[in-house]
Amino acid sequence: THTHTPHLTLLERTNRRILNVVHLSNLASSLGFRVGAVDWARLSLREQVTWMKATDVLVGMYGVGLIKMAFAKPGSIVVEMIPYCFSNASDFWELSRAMRLRHYTWRNPDPQLSSCSPEIESCKI
């Protein structure tokens, strides 16, 4: 029998970055995930769709990059990370529900571990 190795995709961004991405990647690998990091700006739309069709778990900061969840397989998981400085609720849960995805949100609880600038909307976790 063939065992499916789940694929976890980490979204890379120039702003609102995940600062402990190496630790997160190592943790996911130790749990049996095949881990890949992607910057959508470096891929064509066709490559983005192909990447998402292979993704079982999408992890990324709140932002437009999460819209690619529209190309995910039903039943896939979306983990949306929200910086401390953002007080709004997720805008993506409705899309997740419509696409039959499982959506989880994590909000950074520590203002000391989040850097925000409203002028440029740059946040880091």
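Note that this is a predicted model, so its numbers are computed, not measured.

Parameters and conventions
- Residue numbering note: each chain is counted from 1, following its sequence as written.
- The predicted origin of the model limits local features to residues at a pLDDT of at least 70 and limits the giving and counting of side-chain atom pairs to 80 or more, whereas totals for whole chains, interfaces and linings rest on all residues.
- To obtain the side-chain values, all non-hydrogen atoms of the structure were used and water was disregarded.
- The helix and strand labels rest on DSSP assignments: H or I over at least four residues marks a helix, E over at least two residues marks a strand, and numbering proceeds from the N terminus.
- Accessibility here uses a 1.4 Å probe with only protein chains present; expressed as a share of the type maximum, an area under 20% marks a residue as buried, one over 50% as exposed, and anything in between as partly exposed.
- Polar contact criterion, stated in full: a pair of N or O atoms within 3.5 Å, where within protein one must be able to donate a hydrogen and the other to accept it, and residues adjacent in sequence count only if both atoms are side-chain atoms.
- We call two residues in contact when some of their heavy atoms are within 4.5 Å.
- The aromatic pairing rule takes the rings of Phe, Tyr and Trp, using the six-membered ring of Trp, and pairs them if the centres are within 6.5 Å, calling planes under 30 degrees apart stacked, those over 60 edge-to-face and the rest tilted.
- Here, nonpolar core means buried Ala, Val, Leu, Ile, Met, Phe, Trp, Tyr and Cys residues that are tied together by side-chain atoms lying within 4.5 Å of each other.
- Cavity: a set of points on a 1 Å grid over the protein atoms alone where a 1.4 Å probe fits but cannot get out. Pocket: an open set with protein on both sides within 12 Å along at least five of seven lines, its lining residues, like those of a cavity, having an atom within 4 Å of a point.
- Grid points are joined across faces, edges and corners, and a volume is the space filled by probe spheres set on the points.
- Residues are grouped as follows: Ala, Val, Leu, Ile, Met, Phe, Trp, Tyr, Cys and Pro are nonpolar; Asp, Glu, Lys and Arg are charged; all remaining types, including Gly, are polar.
- Two strands are said to pair when DSSP picks up at least two bridges between them.

> Describe the side chain of Thr 55, naming the residues involved and giving the relevant values.
Considering the arrangement of structural elements, one finds Thr 55 in the loop between helix H2 (45–53) and strand E3 (57–61). Given a relative accessible area of 1%, Thr 55 falls into the buried group. A distance of 2.7 Å separates a polar atom in the side chain of Thr 55 from a polar atom in the side chain of Thr 9. There is a polar contact of 2.9 Å between the side chain of Thr 55 and the backbone oxygen of Trp 51. Setting aside chain neighbours within four positions, we find Thr 55 in contact with His 7, Thr 9, Lys 73 and Ser 76.

> I'd like a rundown of the packing of aromatic side chains, residues and numbers included.
Tallied over the entire structure, the rule returns one aromatic pair. Each ring, one from Tyr 62 and one from Phe 92, has its centre 6.0 Å from the other, and the planes form 65 degrees; the classification is edge-to-face. Remark: Phe 92 occurs in the loop between strand E4 (77–82) and helix H3 (93–98) and Tyr 62 occurs in the loop between E3 and E4; sequence separation between them is 30 residues. Tyr 62 sits in the buried class, given a relative accessible area of 12%.

> Just give me the short version of the nonpolar core, but keep the residues and values in it.
Counting 13 residues, the largest nonpolar core has Leu 11, Leu 58, Leu 66 and Met 69 as the members making the most contacts within it. Residue contacts for Leu 58: discarding those within four places in its chain leaves Thr 9, Leu 11, Met 52, Leu 66, Met 69, Ile 77, Val 78 and Val 79. Grouped together as the second largest cluster of nonpolar side chains are nine residues, Leu 8, Ile 18, Val 59 and Ile 77 included.

> Please give an account of the environment of Trp 40 that cites residues and values.
Looking at the secondary structure, you find Trp 40 in the loop between strand E2 (34–38) and H2. Measuring from C-alpha to C-alpha, the distance between Trp 40 and Leu 66 comes to 10.0 Å, with 26 residues separating the pair along the chain. If we ignore the near neighbours within four places in the chain, the residues touching Trp 40 are Leu 11, Gln 48, Trp 51, Met 52, Gly 65 and Lys 68.

> How would you summarise the layout of surface pockets if you had to cite specific residues and measurements?
Of the pockets and cavities examined, the largest pocket occupies roughly 290 Å³. What lines the largest pocket is a set of 14 residues, and nearest its centre among them are Leu 24, Leu 27, Val 59, Val 79 and Met 81. For the lining of the largest pocket, the secondary-structure elements that each account for two or more residues are helix H1 (21–30), E3 and E4. Ranked by the residues each element gives to the lining of the largest pocket, the list is headed by H1, at four residues. The residue inventory of the lining of the largest pocket, partitioned by class, reads twelve nonpolar, two polar and no charged.

> Can you lay out the pairing of E4 for me, pointing to particular residues and giving the numbers?
With respect to burial, E4 is a largely interior element, five of its six residues being buried. With six bridges joining them, E4 and strand E5 (residues 102–107) adopt parallel strand pairing. Opposite Val 78, over in E5, you have His 103 as the bridge partner.

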